[in-house]
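# A structural walkthrough
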Amino acid sequence: MPVAGNFRLFAVHVARTELLTPGMLRVTLAGEALDGFVNGGCDQRIKLLLPLPGQEEPVLPESGVDDGGWYAAWQRLPDRWRPVMRTYTLRAQRREAREIDVDVALHLAPGGGALREGPASRWARGARPGDRIGVVGPAVPNAGGVEFRLPDGAGHLLLAGDETALPAVGCILESLPAGLPVQVHLRVADPADRQSLPTAADATVHWLHRGGPELVESVAAAALPAGRGYAWIAGEAAQVRALRRHLVGERGMAREDVEFMGYWRRGRSESDPAAESEEVGPGQRVGA
Ligand SMILES: Cc1cc2nc3c(=O)[nH]c(=O)nc-3n(C[C@H](O)[C@H](O)[C@H](O)COP(=O)(O)OP(=O)(O)OC[C@H]3O[C@@H](n4cnc5c(N)ncnc54)[C@H](O)[C@@H]3O)c2cc1C
C-alpha cells in the first residue's frame, strides 16, 4: 500500500523528451513546484499521474497537495477522472532548473514492431513539450522509497536488472566510490539499447539481450569476489525472484545483503490488483 506521509503531489509539465536508445525515452519534467522536491537517493521511486484515454491532461486531486494526503485524495476521485498511476525512478534532478528526468522503457515487442504498451509507455511515446501531468515524489529528506543502501562492510557489489532497472543502475554507478569492485548484469532488448554507464568504481558490465541468457544464468556463470558483498536486483518479477533465490540459496549471500524489487510482471498491468497483492519484493509493496 503506498505510503503517503512524506510524499507530495507536484504539478509538472513536459519540458522535452530525448530518445536515449530505441527502447528508452528520457522525459524531462519541469515546474516551479519542484522547488519542494527532495531527492532521497539513486533508486528513488516516484509515481506518475497520467491522463486517461481521451484526456489532454490528468485531473489531479485538489486536496492533499500540501498535506501529504495525495493517496487518499487520488482514491476519492471518481473512476472516470482518477488519473492512471505508474511507478518510475527519478533518474536525475536539477534543482536550479527545476527539472527532473524520468527514463521510460518503451516495451518494444520482439522484432521491434507492434508494441505491448501500457498507459505509461504509450503516454511517454506521445509526450510533447507543455503536456501536463502529476508526479508524486519525496517532499522531505529521507522520505522513503529508496532501497539501495551500500552497507559499510560490503567489499563488492552486484547490480542486475532489465531496462526498467537501467535508470537506477546508471545513477548508482555514478555515485559509487573509486575502485569498488562491481559486477553489472543488464538485460536489454538489443545491442542498440545499451547505454554508456560512467563510474569511478571498478565495474564490469555484462550486457544480455532478448533471446539470449536470462539474468540468473548470466550471474550463475560469473565468479563473485570472496568476502561480504551486496546485491541490488530489479526488473521483471519472476526473473528477480529466480536471481534472488540463486544468490541466497546457492551463493550463500545473507538475505539482508540482497535488495530485490519486482518492477513489473509479465502479462500484468501495474494497476492489475493481482499484480499488486502478490509480494515480490519492496518494489511491489512499498509505494511512493
Ligand atoms: C520502484 C519501481 C521503479 C521503476 N522504475 C522504472 C523506470 O525508471 N523506468 C521504467 O521504464 N520502468 C520503471 N518501472 C517499471 C514500470 O513501473 C512498469 O514497467 C509499468 O508496468 C509501466 O506501466 P505501463 O502503463 O507502461 O504498463 P502496464 O499497464 O503496467 O502494463 C501493460 C503491459 O506491459 C507489460 N510490461 C510492463 N512493463 C514492461 C516492460 N518494461 N517491458 C515489457 N513489457 C512490460 C505488462 O506485463 C503488461 O502486459 C519501475 C517500477 C517500480 C515498482
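Being a predicted model, the structure only gives us computed values, none of them experimental.

Bringing the sheet that holds strand 9 (residues 181-188) into the picture now. In sheet architecture, strand pairing relies on hydrogen bonds along the backbone and comes in two forms, parallel and antiparallel. Taken in spatial order, the 5 strands of this open sheet run 10-9-8-11-12, and their pairing is parallel. Across the chains shown, the open sheet's two edge strands, defined by having one partner strand only, are strand 10 (202-209) and strand 12 (258-264). Neighbour-to-neighbour, the strand axes of the sheet open up by a mean angle of 10°, direction not taken into account. Helix-sheet contacts for helix 3 (residues 166-175) involve strand 8 (156-162), strand 9, strand 10 and strand 11 (229-236), and the interaxial angle to strand 9 is about 160°.

Attention now goes to helix 2 (residues 119-126). Turning to helix 2, its buried residues number three or more, namely Ala 120, Ser 121, Trp 123 and Ala 124. In an axial view of helix 2, the angular spread of the buried residues amounts to 160°, which keeps them on one side of the axis. Elements in contact with the buried residues of helix 2: strand 1 (7-21), strand 2 (24-30), strand 3 (45-50), strand 4 (84-89), strand 6 (99-105) and strand 7 (132-138).

With that out of the way, let us pick up the site of the ligand. Neighbouring the ligand are 26 residues, the closest being Arg 86, Thr 87, Ala 105, Arg 265 and Glu 270. The side chain of His 107 places a nitrogen or oxygen atom 3.3 Å from a nitrogen atom of the ligand. Contacts to the ligand include Gly 267, whose backbone N or O atom sits 2.9 Å from an oxygen atom. Across the complex, the protein chains shield 94% of the 920 Å² of accessible surface that the ligand would expose by itself. Every element with two or more residues in the shell around the ligand is listed here: strand 4, strand 6, helix 2 and strand 12.

Glancing now at the layout of surface pockets. The calculated volume of the second largest pocket comes to roughly 260 Å³. What lines the second largest pocket is a set of 15 residues, and nearest its centre among them are Pro 51, Leu 52, Pro 53, Gln 55 and Trp 123. Grouping the amino acids of the lining of the second largest pocket by side-chain chemistry returns 8 nonpolar, 3 polar and 4 charged.

What follows covers the packing of aromatic side chains. In this structure the tally under the stated criterion is 5 aromatic pairs. Taking 5.4 Å as the distance between ring centres and 75° as the angle between the ring planes, the aromatic pair formed by Trp 70 and Tyr 71 counts as edge-to-face. The two residues Trp 70 and Tyr 71 agree in class, both being buried. On the basis of an interplanar angle of 25° and a centroid distance of 5.7 Å, the ring pair of Tyr 71 and Trp 74 is categorised as stacked.

On to the state of the cysteines, then. Evaluation of the coordinates by the stated rule reveals 1 disulfide. Bridging Cys 42 to Cys 171, the disulfide has an S-S length of 2.2 Å. Residues Cys 42 and Cys 171 share a disulfide whose torsion about the S-S bond is about -70°; that sign makes it left-handed. Pair noted here: Cys 42 is in the loop between strand 2 and strand 3 and Cys 171 is in helix 3, with a separation of 129 residues, a long-range link. Judged by its relative accessible area of 13%, Cys 42 falls in the buried class.

Quick look at the pairing of strand 8 now. Along strand 8, 7 of the 7 residues are buried, which leaves the element largely enclosed by surrounding structure. Along strand 8, one buried face is formed by His 156, Leu 158, Ala 160 and Asp 162 and the opposite face, lined by Leu 157, Leu 159 and Gly 161, is buried too. Alignment of strand 8 against strand 9, held across 6 bridges, turns out to be parallel. Residue pairing across strands places Leu 159 opposite Val 184, the latter belonging to strand 9.

Conventions adopted
Residues numbered from 1 in each chain as written. Predicted model: local features only at pLDDT ≥ 70, side-chain atom pairs only at ≥ 80, totals over all residues. Heavy atoms only, no water. Pairing = 2+ DSSP bridges. Helix = DSSP H or I, 4+ residues; strand = E, 2+ residues; numbered from the N terminus. Axes fitted to C-alpha atoms, helices over the stretch in contact; angles between N-to-C directions. Contact = heavy atoms within 4.5 Å. Buried < 20%, exposed > 50% of the residue type's maximum accessible area, 1.4 Å probe, protein only. Arc of directions from axis to C-beta. Near = heavy atom within 4 Å. Polar contact = N/O pair within 3.5 Å; in protein donor to acceptor, adjacent residues only side chain to side chain. Areas by Shrake-Rupley, 256 points an atom, 1.4 Å probe, with all protein chains shown as cover. 1 Å grid on protein atoms, 1.4 Å probe; cavity = no way out; pocket = protein on both sides within 12 Å on 5 of 7 lines; lining within 4 Å. Points joined across faces, edges and corners; volume = space filled by probe spheres on them. Nonpolar A, V, L, I, M, F, W, Y, C, P; charged D, E, K, R; others polar. Phe/Tyr/Trp six-rings, centres within 6.5 Å; stacked < 30°, edge-to-face > 60°. Disulfide = S-S within 2.5 Å.

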